[in-house]
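Listed below are the residues making up each chain.
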Amino acid sequence: MTEYKLVLGLEVHIHLKTETKMFCGCDSNIYEAEPNTHVCPVCLGLPGALPVPNFEAIKKTQVLGLALDSILNKESRFDRKHYFYPDLPKGFQISQYKQPLCEGGEIELDSGNKVSLERIHLEEDTAKSFHENGRTLIDFNKSGMPLVEIVTKPVFKTVGESVEFCKKIQDLIITLGIGDADMEKGQMRLEANISLRTQEMEYNDILPDYKVEIKNINSFRFMEKAIIAEIKRQTEILQKGNVVNQENRGWDERSGTTVSQRVKEEAHDYRYFPEPDIPLLYFDEKHIEELKNSLPELPQQKKTRLMTRYGLTANIATILSTGYSFGLLKKFEGFVESGLDPVKTANILINKKESRDMSFEEFEKLLNVSTNRIINEKNLKNYLEEVVKNNRNIINDIKGGKLSAIEFLVGQVMKNTKGQADPVKVRELLKSEINKKFNTAID
Ligand SMILES: [Zn+2]
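Residues numbered from 1 in each chain as written. Predicted model: local features only at pLDDT ≥ 70, side-chain atom pairs only at ≥ 80, totals over all residues. Heavy atoms only, no water.

Going by the annotation in an unreviewed UniProt entry, the name recorded for the protein chain is Aspartyl/glutamyl-tRNA(Asn/Gln) amidotransferase subunit B, with candidate division WWE3 bacterium RIFCSPHIGHO2_02_FULL_38_14 given as the source organism. Here is the UniProt Sequence similarities (unreviewed entry) comment for the protein chain, exactly as written: "Belongs to the GatB/GatE family. GatB subfamily." What the UniProt record of the protein chain gives under Subunit (unreviewed entry) is the line "Heterotrimer of A, B and C subunits." (UniProt positions renumbered as here; feature names shortened; annotations may be inferred.)

Have a look at this one:
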């Protein structure tokens, strides 16, 4: 039977944190409000109401673009995307089509693989419908909320990488302070475009001629399950020699399957055209420079700094560099500046929750007790020999002059010893081990 390969692209929607909604002055703090209390003629879509773009939301989208290495367009515009749905009574959504705020961009995964982005654009969210007792009720609080959409290229080949990507985006949003991305509150929603192709198509870089879009996924776990179920469904259709329909589907948690919602529109069905009530937007170099200067240290930069400056392993550095660990990182850096060993401090802070609320004195005491368990030099030798034996390609790189490759070996030893070794010592011992074994003279 033919084996099929996954082709997966994602669309991630996130509410931006702004004072007011996207095109009107309504308070955007809607999450605990009574239905239909944060509304006005603009976000209700009443005839004649005029939209005014929210500059904060535009800047926040551009900041996200800079953090993801996108190109910021000097000229950008809003477009009308037409479709009718009860939660969109004006018959179109103001979105962006030909000239989005940001184009391209990428983000690196832990494996070193890069995820390429298509675009990042800004739009208004729709209202929310509730179906109960055979009636449909609509709450317009969410209508007109600033919604940023990140669209990836169809580059994911595994479910795991797509989930990791979404978590990294969520973390970046929090680090940048441009949103809360709380999935339970509907502040972050995922859509997956899924199709399958043969190994030969993958080899020749040919994309399938269809895609199935799974809409409105509101948890990472559901996304994982939905993609796996959809791969199974499409595989069965293709193996019978049938064609997979291009359509939108939703995840049904109860049955553990995806269910058909509607046949997917092609882009021209939306009859996009420039929003006549909003002029073209222009951005100069000075504006973009100012945004660049406002960027905080990004998770990836933070991770690299923690590894090179303090000798932390990639795993530990990843934990400390996420947006959620901001408090933990502050504590870590405070303790290390006061003279404590970085590797031991990080290990204790991460593994012993009770240590996070300790004063410096209490923490130092705990650290000294734990230190006795640090691996001695004789045991360390075994770890070194193993790493040297199992990484001949890295050794060849080092012999070929790429001395920095030794950091990978240091990382491996730190990983295998669960961070219980002193990285400075490990580096020193590794060098002498390699010199002895391979007759080199690195230092
Ligand atoms: Zn409003």
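So what about helix α5 (residues 285–293)? Which residues, and what values?
Taken together, the buried positions of α5 are H287, I288 and L291. All buried residues of α5 fall inside an arc of 95 degrees around its axis, so they share one side. Exposed residues pointing more than 90 degrees away from the buried face of α5 are listed as K286 and N293. Buried residues along α5 sit against α1 (55–67) and β2 (71–72). (Buried < 20%, exposed > 50% of the residue type's maximum accessible area, 1.4 Å probe, protein only. Helix = DSSP H or I, 4+ residues; strand = E, 2+ residues; numbered from the N terminus. Arc of directions from axis to C-beta. Contact = heavy atoms within 4.5 Å.)

Which residues make up the coordination of the zinc ion, and what are the values?
Bound to the zinc ion are the protein donor atoms C24 (SG), C26 (SG), C40 (SG) and C43 (SG), situated 2.3 to 2.4 Å from the metal. In primary-sequence terms, the residues that donate to the zinc ion follow C-x1-C-x13-C-x2-C. Residue C26 is found in the loop between β1 (4–15) and α1, and its partner C43 is found in the loop between β1 and α1; the two are separated by 17 residues along the sequence. In this structure C26 comes out as buried when scored by relative accessible area, which is 11%. (Donors = N, O, S within 2.8 Å, 3.2 Å for Na, K, Ca; no water.)

Describe in detail the packing of aromatic side chains, supporting the description with residues and values.
According to the stated counting rule, one finds eight aromatic pairs in the structure shown. A ring pair is formed by Y97 and Y272, whose centres lie 3.8 Å apart and whose planes are at 0 degrees; its orientation type is stacked. Remark: Y272 occurs in the loop between β15 (257–263) and β16 (273–274) and Y97 occurs in the loop between β5 (92–95) and β6 (102–103); sequence separation between them is 175 residues. Of the residues examined, Y97 reaches a relative accessible area of 30% and is grouped as partly exposed. Here the aromatic cluster, defined as three or more aromatic residues joined through ring pairs, consists of Y83, Y97, Y270 and Y272. The ring of Y270 has K81 lying over it, and the distance from NZ or CZ to the ring centre is 4.5 Å. (Phe/Tyr/Trp six-rings, centres within 6.5 Å; stacked < 30°, edge-to-face > 60°. Lys NZ or Arg CZ within 6 Å of the ring centre and 35° of its normal.)

Account for the packing of helix α8 (residues 326–337) against helix α9 (residues 342–351), with residues named and values stated.
One can describe the packing of α8 onto α9 by two numbers: an axis separation of 10 Å at closest approach and a directional angle of 145 degrees. Judged by the sense of rotation from one axis to the other, the crossing of α8 with α9 is right-handed. Counting all contacts with α8, which are made through L328, K331, F332, F335 and V336, the residues of α9 involved are P342, T345, A346, L349 and I350. Of the residues contributing to the contact of α8 with α9, the split by class is eight nonpolar, one polar and one charged. (Axes fitted to C-alpha atoms, helices over the stretch in contact; angles between N-to-C directions. Left-handed = near helix turned anticlockwise from the far one by under 90°. Nonpolar A, V, L, I, M, F, W, Y, C, P; charged D, E, K, R; others polar.)

So what's going on with the nonpolar core? Residues and values would help.
In this structure, L64, I150 and F165 are the most contacted members of the largest nonpolar core, which totals 69 residues. With eight residues, the top contributor of residues to this core is helix α2 (residues 159–176). Those residues in contact with F165, other than ones at most four positions away along the chain, are L10, V12, I107, L109, V115, L117, I150, T152 and F156. (Core = buried A, V, L, I, M, F, W, Y, C linked by side-chain atoms within 4.5 Å.)

Break down the pairing of strand β9 (residues 128–132) for me, with residues and values.
Each regular strand shows side chains that alternate between the opposite faces of the sheet. Both β9 and strand β10 (residues 135–139) contribute to a ladder of five bridges, which runs antiparallel. Along β10, the bridge assignment pairs H131 with T136. Taken together, β9 and the strand that follows it, β10, pair antiparallel across an intervening segment of two residues, in which N133 is found at a positive phi of about 45 degrees. (Pairing = 2+ DSSP bridges.)

Now, about α8: what can you tell me, with residues and values included?
Here α8 is 12 residues long and its end C-alpha atoms lie 17 Å apart, about the 16 Å a rise of 1.5 Å per residue gives. Turning to α8, its buried residues are L328, L329, F332, E333, F335 and V336. Down the axis of α8, the buried set is contained in an arc of 160 degrees. They therefore lie on one face. Opposite the buried face of α8, by more than 90 degrees, sit the exposed residues F326, K330 and E337. Phi turns positive, to about 110 degrees, at G339, one or two residues after α8. (Expected span 1.5 Å × (residues − 1).)

Kindly report on the environment of D69, identifying the contributing residues and their values.
Mapped onto the elements, D69 comes out in the loop between α1 and β2. Classification of D69 by relative accessible area gives exposed; the value is 57%. Excluding residues that lie within four positions of it along the chain, D69 makes contacts with G105 and E106.

Mind laying out the layout of surface pockets, listing which residues take part and the relevant values?
Here the second largest pocket defines a volume of roughly 730 Å³. Lining the second largest pocket are 27 residues, and of these M307, T313, A314, E407 and G411 sit closest to its centre. When residues of the lining of the second largest pocket are traced back to their parent elements, those giving at least two are α6 (299–310), α7 (314–321), α13 (406–416) and α14 (423–438). For the lining of the second largest pocket, the residue count by class is nine nonpolar, 12 polar and six charged. (1 Å grid on protein atoms, 1.4 Å probe; cavity = no way out; pocket = protein on both sides within 12 Å on 5 of 7 lines; lining within 4 Å. Points joined across faces, edges and corners; volume = space filled by probe spheres on them.)

An account of the domain arrangement of the protein chain is needed here, citing residue identities and associated values.
Its domain assignment divides the protein chain into domain 1 (4–292), domain 2 (299–371) and domain 3 (377–438). Just the C-alpha atoms count here: the centres of domain 2 and domain 3 sit 23 Å apart. On the domain 3 side, the residues contacting the four residues of domain 2 number seven residues. Buried area between domain 2 and domain 3, summed over both chains or domains, comes out near 420 Å², and the portion from carbon and sulfur atoms is 61%. Contact with domain 3 buries surface across domain 2, with T313, V343 and N347 losing the most and accounting together for 68% of the total. Here domain 2 is connected to domain 3 by zero salt bridges. When the residues that make up the side of domain 2 that touches domain 3 are grouped by side-chain class, the tally is one nonpolar, three polar and no charged. (Domains from an automatic or database assignment. Buried area = accessible area lost by both parts, 1.4 Å probe. Salt bridge = Lys/Arg side-chain N within 4 Å of Asp/Glu carboxyl O.)

So what about the packing of α1 against α2? Which residues, and what values?
It is the contact of α1 with α2, at a shortest axis distance of 11 Å, that shows an interaxial angle of 120 degrees. By the angle between their axes, α1 is oblique relative to α2. In this structure, α1 meets α2 at a crossing whose hand is right-handed. On α2, the residues touching V63, L64 and A67 of α1 are L172, I173 and L176. Split by residue class, the contact of α1 with α2 holds six nonpolar, no polar and no charged. (Parallel < 35°, antiparallel > 145°, perpendicular 65-115°, else oblique.)

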